[in-house]
Amino acid sequence: AYIDRIKKLDKSINSFITLREREALEEAEIMDKNLEKGKNIGSLGGIPVAIKDNICTRGIKTTCGSKILEDFIPPYDATVVKKLKDAGAVIIGKTNMDEFAMGSSTENSAFKTTRNPWDLNRVPGGSSGGSAAALASGFAPLTIGSDTGGSIRQPAAFCSAVGLKPTYGLVSRYGLIAFASSLDQIGPFTKTVKDCALSLGAIQGNDPLDGTSIQVDPIKDYLTDLEKGIEGLKIGVPKEFFKEGLNKEIHDSIEESIKVLEKMGGVVEEFSMPITDSGLSAYYIISSAEASSNLARYDGIRYGYRTKEFEGFEELIINSRSEGFGKEVKRRIMLGTYVLSSGYYDAYYKKAMQFRKKIKNEFKEVFKSYDIILSPTSPVLPFNIGERTEDPLEMYLADIYTVNINIAGLPAISLPCGFSKDRLPIGLQLIGDHYTEKKLLQAAYSLE
Ligand code: GLN
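Every chain begins its residue count from 1, and numbering advances along the sequence as written. For this predicted model, a pLDDT threshold of at least 70 governs which residues receive local features, and a threshold of 80 or more governs which side-chain atom pairs are given and counted, while totals over whole chains, interfaces and linings are taken from all residues.

## Here's the deal with the sheet that holds strand β7 (residues 234-238)
So, step 1. Two strands are said to pair when DSSP picks up at least two bridges between them. Numbering of helices and strands runs from the N terminus, with a helix taken as a DSSP run of H or I at least four residues long and a strand as a DSSP run of E at least two residues long. If you walk across this open sheet you meet the 11 strands as β1-β3-β2-β4-β6-β5-β10-β11-β9-β7-β8, and the pairing is mixed. In this open sheet, the two strands that pair with only one neighbour each are β1 (16-19) and β8 (267-271). With direction set aside, neighbouring strand axes in the sheet form an average angle of 30°.
So, step 2. In terms of strand pairing, β7 meets β8 through five bridges, oriented parallel. By the bridge assignment, Val 237 is partnered in β8 with Glu 270.
So, step 3. Whether two residues are in contact is decided by their C-beta atoms, placed from the backbone, lying within 7 Å. Here an axis means a line fitted to C-alpha atoms, over the contact stretch when the element is a helix, while the angle between two N-to-C directions is reported on a 0 to 180 degree scale. Its contacts with the sheet place helix α6 (residues 193-203) against β4 (142-147), β5 (162-165) and β6 (185-190), and it is angled at close to 145° to β6.

In structure tokens:
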């Protein structure tokens, strides 16, 4: 049924880069037979899952939305993919994304522009726009994305999905094509909080193949006590996230939800955290610096796209990279190289790292007073395709509520929070302290 639906409707959404029609059906059939035989088929047995195309899948093309990896077929599975398969999930296909996960609209894909299923003239958000749109279109009940500065939460908000960015380290990054390694984290898109809790349980956990992976055993089961409620839960609302620049309809919607939370016994209080204002600058320095280093491996020699025309070694590298990377990726590489270069390092990168330390500490303080922080996910509603492509700065500004969370390594979830008068989805963000996904999911569940 899912494959039929994709074949019928994805022509107008463009959420998939690769569809595994035959293979997925074969695997589902095997699963069916096992079920008939009374075998345990796993917590996600037979569930179709679509995976963002920057997560390596053995034998399945993994393009990262880039011409430079257009024909790349990984010889191994990312740990997350292995875990999904072990839990019985069926990989139905790979989803479109901004090239190397750089962007907020999926318009930076080298292959196609994904459309928002709620309004085909608008963007689905990004960079995991393909996964968000596929979920919202009913192409799979679970899709996987990655979030470096908001790339799960913002598209979840734009497409009216539940999107979780777990605590840094909770989900292995092994096999996730690196953008900014200290910020990247994999997480699920689902229709409901319950599905989110179930899938987090399946993909999380220590992985010796990822040096930044969680060392202790995480909570195994996020489903029990999901209905616990929020009686007495202390919820902090940062003033800085409600300033000018926030769309009025989003503002009103969030206010409504706050009232609901209060009615259910939550204790909501406003607080101030002025440091968050500098988050965007720090994010674009840190993420670009790491990207410039991570992307040095695409040289046209080892793997990936190679130019046809070159004379000598240097030109081979220059031409391969010039032809293989898109505009936004080049912009980030240049920005990153600049902030890391001697003479500018102290002024930019070092400052951003100092900021990082400071904001981490401030969040720690805030979580002494509150269980959870609540904010909008995005200051803007899903915008029109093409509306922001000419002005990168304007695109970056829309990440204002999500980037600080990655810098501090915190978990956060975006939940559907109603619609604008034009029927455009609105998202609400709940942020927790490190490894408090259980509490976060409980609070999210009560808001559903
Ligand atoms: N929009 C942000 C950026 O362009 C975040 C991307 C992401 O989380 N991968 O960097």
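## Notes on the site of the ligand
So, step 1. We count a residue as near a molecule or strand when its backbone-placed C-beta atom lies within 6 Å of that partner. Around the ligand, a shell composed of 13 residues is seen, among which Ala 101, Ser 104, Thr 148, Gly 149 and Ser 151 lie nearest.
So, step 2. When its residues are assigned to classes, the shell around the ligand shows three nonpolar, eight polar and two charged. Amino acids outside the nonpolar list (Ala, Val, Leu, Ile, Met, Phe, Trp, Tyr, Cys, Pro) and the charged list (Asp, Glu, Lys, Arg) are all regarded as polar, and Gly is one of them.

## A closer look at the pairing of strand β9 (residues 372-376)
So, step 1. As a rule, residues whose C-beta atom has 12 or fewer other C-beta atoms within 10 Å are exposed, those with 20 or more are buried, and those in between are partly exposed; C-beta atoms are placed from the backbone. β9 sits mainly inside the fold: five of its five residues count as buried.
So, step 2. By the bridge criterion, two bridges tie β7 to β9 in an arrangement that is parallel. In the sheet register, Gly 236 faces β9, and the bridge partner there is Ile 373.
So, step 3. In the sheet, β9 pairs with strand β11 (residues 425-432) via five bridges, with the strands oriented antiparallel. What sits directly across from Ser 375, in β11, is Gln 429.

## A few points about helix α14 (residues 437-447)
So, step 1. Counting buried positions over the 11 residues of α14 gives nine, a clear majority of the element.
So, step 2. All of the buried residues along α14 are Glu 437, Lys 438, Leu 440, Leu 441, Gln 442, Ala 443, Ala 444, Tyr 445 and Ser 446.
So, step 3. Looking at the buried positions of α14, the neighbouring elements they touch are α6, β9, β10 (412-419) and β11.

## A few points about the UniProt feature "active site" (unreviewed entry) in the protein
So, step 1. UniProt positions are given in the numbering used here, feature names are shortened, and annotations may be inferred rather than shown by experiment. As recorded in UniProt, the feature "active site" (unreviewed entry) lies at Lys 52, Ser 127 and Ser 151. Over a stretch of 100 residues, the named residues converge on one spot in the fold, their C-alpha atoms separated by at most 10.9 Å.
So, step 2. By secondary structure assignment, the location of Lys 52 is in strand β2 (residues 48-52).
So, step 3. Setting aside residues no more than four positions away along its own chain, Lys 52 makes contact with Thr 95, Met 97, Ser 128, Gly 130, Ser 131, Ile 144, Gly 145 and Ser 146.
So, step 4. With respect to the helices and strands, Ser 127 occurs in the loop between β3 (90-95) and α4 (129-136).
So, step 5. Filtering out sequence-adjacent residues up to four positions away, Ser 127 remains in contact with Met 97, Asp 98, Ala 101, Met 102, Gly 103, Thr 106 and Ser 151.

## Considering the pairing of β11
So, step 1. Counting buried residues along β11, eight of its eight residues qualify, which places the element largely inside the surrounding structure.
So, step 2. On β11, burial covers both faces: Pro 425, Gly 427, Gln 429 and Ile 431 on one face and Ile 426, Leu 428, Leu 430 and Gly 432 on the other are all buried.
So, step 3. Relative to β11, β10 runs antiparallel, the two sharing six bridges. What sits directly across from Ala 412, in β11, is Ile 431.

## Quick notes on the confidence of the model for the protein
So, step 1. Per-residue confidence from the predictor is given as pLDDT, running between 0 and 100. In this model, the protein carries an average pLDDT of 97, and 100% of its residues clear a pLDDT of 70 or more.
So, step 2. This complex was scored by the predictor with a pTM of 0.98 and an ipTM of 0.98.

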